[in-house]
Amino acid sequence: MQPIRLRMCLSKDESIRFVSHLEYAKALERALRRAKLPAAYSEGFNPHMKLSLASALAVGTTSRNEYAEVELTEKRPLAELAGALSKALPPGMRLIKALLVEGPAPKLMAVVAGASYLISLPFDGDPVVLKQQIEAFMAMPSFPYEKRSPKGKPAKQLDLRALIRQMSATVDEAGMASIALSIAMPPAGTIKPLEALQALQEHFQWSLPLERALVERVALYENQQGGWRPLLGG
Amino acid sequence: MAGKIQPEQLMRVERPVRYTGNEYGQVIKDADAVKVRVALAFPDVYEVGMSYLGYKILYHLLNKEDDIWAERTYAPWPDMEKEMRQLGAPLVALESKSPLASFDLLGFTLQYELSYTNIINMLDLGGVTLLAKDRGLAEPIVIGGGPCVFNPEPLADFFDVFLIGEGEDLLVEAARVVGNWKAAGKPGGRHGVLLELAKLDGLYVPAFYEVSYGADGRFEAIAPKQETARLPITKRVVADLNAVDYPTAPIVPFGEIVHDRMMLEVFRGCTRGCRFCHAGVITRPVRERKPELLKELARKLADSTGYNEISLFSLSTADYSCLAPLITDLIDEYKNDRISVSLPSLRLDSFSIDLAKQVQAVRKSGLTFAPEAGTQRMRNVINKGVTEKNLDDAVEAAFKAGWSQVKLYFMIGLPTETDEDIHGIADMAYRVVDKYREVMGRRGAKVTVSVSSFVPKPHTPFQWMPQNSMEEIARKQAILRQRLRSRDVTLQYHDATTSRLEGVFARGDRRLGAVLLAAWEAGAKFDGWSEYFDYDRWARVFAEQGVDMDFYAGRERGQAEPFAWEHLDTGVSRAFLWHEYEKAQRGELTADCRHGDCTGCGVCPKLGVKVIDWSEKHAADQAKNVPVQG
């Protein structure tokens, strides 16, 4: 039999902002069990559900589009699977999209090429200057960045400019800035959105209160004909 | 204006998911539509509190009532407390995020003495006046329950009422009384509702009683100040667990908690009669759930939670009369669902090894046994009916079945203990090591010896005895350190200071309330956590308050000495406990009443209940030729 996989796009809403990546995966696994989906398990003494998430999401970050896939032992109508799962999800996790994949296909985590984020935080400077500086950054040929690694490992030398595919900012009348950021996730290493902002903050001597920033992941992308396309076709 | 915790603060604290709620299965109601709002407070961190079965039961039973809304709250870890105090943000309940001060009924469970300072801290953080006598009309009625409620006297100043015994029916009744009083415009003020509450069997209003002490400082008597205040207050007990509702759709947390699995309570109570055991006295008699009912509950739990492990829970699960067939049935039924079955503890015999072979969760780690004492004489004193042969058989079976790690639990500081008994602990550890070599033909056993310091508890046969001094405990620990220098054996023990404090509060009286308050003011909290426990601070506070710890913990009490906790009646008579104390001195055993003769402890006739054991019932019914029910 060809392997069958259920691919899911789910939200991580405000009410569960502080749930960690592992906790989110565990919650999804329990929901799949409650929904009695025919999930496949590994062999052995401690069987594990064959479930994987496309990309880790940090504690404190919400998401409009998280992606996961689970291997199934039998084929069932998609509407039935999606309906059962929707009812079994905890509050703060909504099923946005689901589709069945039959036959061999790379894992979602192997095809993720990048992510876009929206960061909101209070801003009391001049919006015009902020926008100009962002444009100046985007016009740079490169922006060397040293990423500190967990102890023992050497620091990674990254090019922040090459990683950031898009960046823009708007400031509303209430003084809240929204910074949109698209970050590539190549195997050689990537950067978290707030790390990127911190690096730019130091360079441009901004005084953004990053500790009050709320980060939302907007989308995850895969490469398609030289460009990016949202996972599961958006 | 009170501050509010924002994402900014939550980003800074460890495990913020402790404070955000919104888990699967939490109950949300319309605060304006319910008659009474209850907060169930656990005076320790979320991961510990969320694992407590008692609150799963009470949360379910209270919320089943349309006009009651029960919520949860836990002690914030000190990093979060710092953020809260800086912002002026009060401690709230997880569901509604309402401050504790805004609830009608605020319940605390008294699980261990070292959590008492956390109760005071939570009241303070929740905006609730600390002393019950000073509380205003708008503040919650503060109620305490749980195992330590059988001597709540050190906490009497901080509580309006205590719930003695099992809360299944009683807490709902108490919430109704508070709700009706509130709806009627709170007639008679706080005193008015306390009068009503004191009418319920099992509720104890400490302010309605006057305590007197003798010239030598000993507790003398407790007397009602109110005509209606009863004496004694007898514990409430659920006669038949098959007839009460069980929480089959508990909250499934996001963050990992201590017991992160389905908890299926197979029975309550334990009649083995270990003489040191507080739980064994206060939870009598043994009441089993029917195997058929347990299987039905397991199915509902599995369907509603999505957990992949089911724990058969009780004080001594290996004693469940129908355990072997129940485990076989559960394993068969849930094999395809990848749900494993686990046992929280094992009995020291080969029967338990046969069970352990079947259940998966035990396999992951080593096996744990509790011989409790190192010599037969000492085990007879504490009425722990296990023998060296039991140990030999159990570990032999375990090694043959493939285990190599064994953990042994012991206590030191037991009555009549001599150094020979301490050496006996080391001897037993080496016996297990040798057994492995004998069975397997090579070395390789990993034996962990975990030694706790015995704390005499109220309502037990050892309530008369002095606790070993800290020096004596340290000396005995040194003997074990000396004897257990082996790469096959690991020795674990706790500092004697925490046991000392536990011993003081376990048999304390109302005069300790001032010490608790002063200790909290001096910064004591999370005393059960070694990183926060500060014995020197406690010693200083006791000295400043002029209270002698030894008076409470280190003094041999006379046969006729009245105790500060005897107005709270477990159903077990003082005469029985004294008789057991005397038998202990002589090293005489008392059999389990579950299978043998009635030992005359007094619980069944006093409370109008009986032991419920399904295999014995089955046998009796068959003998009478009666069709077996259910």
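Quick caveat, the model's predicted, so the values are computed rather than measured.

Some points on the overall build of chain B
Within chain B, the secondary structure is distributed over 23 helices and 19 strands. Its C-alpha radius of gyration of 25 Å places chain B within 12% of the 25 Å reference for a compact globule of 630 residues. Per-residue burial for chain B yields a buried fraction of 59% across its 630 residues. Pairs at least 24 apart in sequence give 76% of the contacts found in chain B among residues at least 6 apart. Surface accessibility of chain B: about 24200 Å² in total, with carbon and sulfur atoms responsible for 50%.

Looking at the overall build of chain A
The secondary structure content of chain A amounts to six helices and 11 strands. Projected onto its principal axes, the C-alpha positions of chain A cover 60 × 40 × 40 Å. Classification of the 234 residues of chain A by burial places 50% in the buried group. Residue pairs at least 24 apart in sequence account for 72% of intrachain contacts in chain A once pairs closer than 6 positions are excluded. For chain A, the exposed area adds up to about 11600 Å²; of that, 54% sits on carbon and sulfur atoms. Distance between charge centroids for chain A: 7 Å, based on 29 positive and 23 negative side chains.

Some remarks on the domain arrangement of chain A
Note: interface size is frequently given as the accessible area lost on complex formation between the parts. Residue and element names in this part refer to chain A. Per the domain assignment, the segments of chain A are domain 1 (4-105) and domain 2 (112-233). Placing the centre of domain 1 and that of domain 2 at their C-alpha centroids yields a distance of 28 Å. Counting residues at the interface gives 18 residues for domain 1, matched by 13 residues for domain 2. For the pair domain 1 and domain 2, the summed buried area comes to about 1300 Å², and 54% of that belongs to carbon and sulfur atoms. On the domain 1 side of the interface with domain 2, the three residues burying the most area are Ser-55, Arg-64 and Tyr-67, jointly 40% of the side's total.

Examining the pattern of salt bridges
Residues and elements named next belong to chain B. Per the stated rule, a full pass over the model turns up 75 salt bridges over all chains. A salt bridge links Glu-153 to Arg-510, with the nearest nitrogen and oxygen atoms 2.7 Å apart. Remark: Arg-510 occurs in the loop between α17 (496-506) and α18 (512-521) and Glu-153 occurs in the loop between β4 (141-145) and β5 (161-163); sequence separation between them is 357 residues. Assessed through its relative accessible area of 1%, Glu-153 is described here as buried. According to the relative accessible area criterion, Arg-510 is buried, its value standing at 17%. Of the charged contacts, one joins Glu-296 and Lys-300 as a salt bridge, the two residues approaching to 3.5 Å between their closest N and O atoms. Remark: Lys-300 and Glu-296 occur in helix α9 (residues 291-305); sequence separation between them is four residues, near one turn of the helix. Connected via shared salt-bridge partners are Glu-166, Glu-168, Glu-265, Arg-268, Arg-287 and Arg-289.

A short note on the sheet that holds strand β10 (residues 262-265) of chain B
Residues and elements named next belong to chain B. Sheet architecture is open: three strands sit in the order β10-β13-β14, paired in parallel fashion. At either margin of the open sheet sits one strand with a lone partner, and together these are β10 and β14 (340-342). Each strand of the sheet is rotated relative to its neighbour by a mean of 25 degrees, with strand direction disregarded. In the sheet, β10 pairs with strand β13 (residues 309-313) via four bridges, with the strands oriented parallel. By the bridge assignment, Met-263 is partnered in β13 with Ser-311.

Quick notes on the sheet that holds strand β16 (residues 405-412) of chain B
Residue and element names in this part refer to chain B. Strand order in the open sheet formed by four strands is β15-β16-β17-β18, and the pairing between neighbours is parallel. A strand with exactly one partner marks an edge of an open sheet, and here the two such strands are β15 (367-372) and β18 (489-493). Averaged over all adjacent pairs, the angle separating strand axes in this sheet is 20 degrees, with direction ignored. Docked against the sheet, helix α15 (residues 419-440) engages β15, β16, β17 (446-453) and β18, running at close to 170 degrees with respect to β16.

Description of the domain arrangement of chain B
All names here are of chain B. Domains assigned within chain B are domain 1 (7-233) and domain 2 (361-511 + 547-576). Computed from C-alpha atoms alone, the centre-to-centre distance between domain 1 and domain 2 is 33 Å. Across the boundary between the two partners, domain 1 contributes 26 residues, which contact 25 residues of domain 2. When the area that domain 1 buries against domain 2 is broken down by residue, the three leading residues are Glu-113, Phe-150 and Phe-219, summing to 28%. Here domain 1 and domain 2 share three salt bridges between them. The tally of links from domain 1 across to domain 2 stands at 13 residue pairs in polar contact (both at pLDDT 80 or more).

Concerning the packing of helix α3 (residues 53-63) of chain B against helix α6 (residues 167-183) of chain B
All names here are of chain B. Taken N-terminus to C-terminus, the directions of α3 and α6 make an angle of 45 degrees; their axes are 10 Å apart at the nearest point. One element, α3, and the other, α6, form an angle in the oblique class. Considering how the two elements wind past one another, α3 and α6 form a crossing that is right-handed. For the pair α3 and α6, the contacting residues are Ile-57, Leu-58, Leu-61 and Leu-62 in the first and Gly-167, Glu-168, Leu-171, Val-172 and Ala-175 in the second.

A word on the interface of chain A and chain B
The interface of chain A with chain B comprises 25 residues on the first partner and 29 residues on the second. The contact between chain A and chain B buries some 2400 Å² in all, and 60% of this surface belongs to carbon and sulfur atoms. Its largest share of buried area at the contact with chain B, chain A owes to Phe-18, Arg-30 and Arg-34 of chain A, together 30% of the area lost on that side. Between chain A and chain B we count three salt bridges in total. Summed over the shared surface of chain A and chain B, the number is eight residue pairs in polar contact (both at pLDDT 80 or more). Broken down by element, the side of chain A that touches chain B gets its largest block of residues, six residues, from helix α1 (residues 21-34) of chain A.

As for the packing of aromatic side chains
All names here are of chain B. Under the defined criterion, the tally for this structure stands at 31 aromatic pairs over all chains. Ring centres 5.4 Å apart and planes at 80 degrees place the aromatic pair Tyr-46 and Tyr-74 in the edge-to-face group. In this pair, Tyr-46 sits in helix α2 (residues 46-49) while Tyr-74 sits in strand β2 (residues 68-74), placing the two residues 28 residues apart along the sequence. Take Tyr-74: its relative accessible area is 8%, and that puts it in the buried class.

Basis of the calculations
Residues numbered from 1 in each chain as written. Chains lettered and ligands numbered in written order. Predicted model: local features only at pLDDT ≥ 70, side-chain atom pairs only at ≥ 80, totals over all residues. Heavy atoms only, no water. Helix = DSSP H or I, 4+ residues; strand = E, 2+ residues; numbered from the N terminus. Rg over C-alpha atoms; globule rule 2.2 N^0.38 Å. Buried < 20%, exposed > 50% of the residue type's maximum accessible area, 1.4 Å probe, protein only. Contact = heavy atoms within 4.5 Å. Areas by Shrake-Rupley, 256 points an atom, 1.4 Å probe, with all protein chains shown as cover. Lys, Arg positive; Asp, Glu negative; His and termini not counted. Charge placed at Lys NZ, Arg CZ, Asp CG, Glu CD. Domains from an automatic or database assignment. Buried area = accessible area lost by both parts, 1.4 Å probe. Salt bridge = Lys/Arg side-chain N within 4 Å of Asp/Glu carboxyl O. Pairing = 2+ DSSP bridges. Axes fitted to C-alpha atoms, helices over the stretch in contact; angles between N-to-C directions. Polar contact = N/O pair within 3.5 Å; in protein donor to acceptor, adjacent residues only side chain to side chain. Parallel < 35°, antiparallel > 145°, perpendicular 65-115°, else oblique. Left-handed = near helix turned anticlockwise from the far one by under 90°. Phe/Tyr/Trp six-rings, centres within 6.5 Å; stacked < 30°, edge-to-face > 60°.

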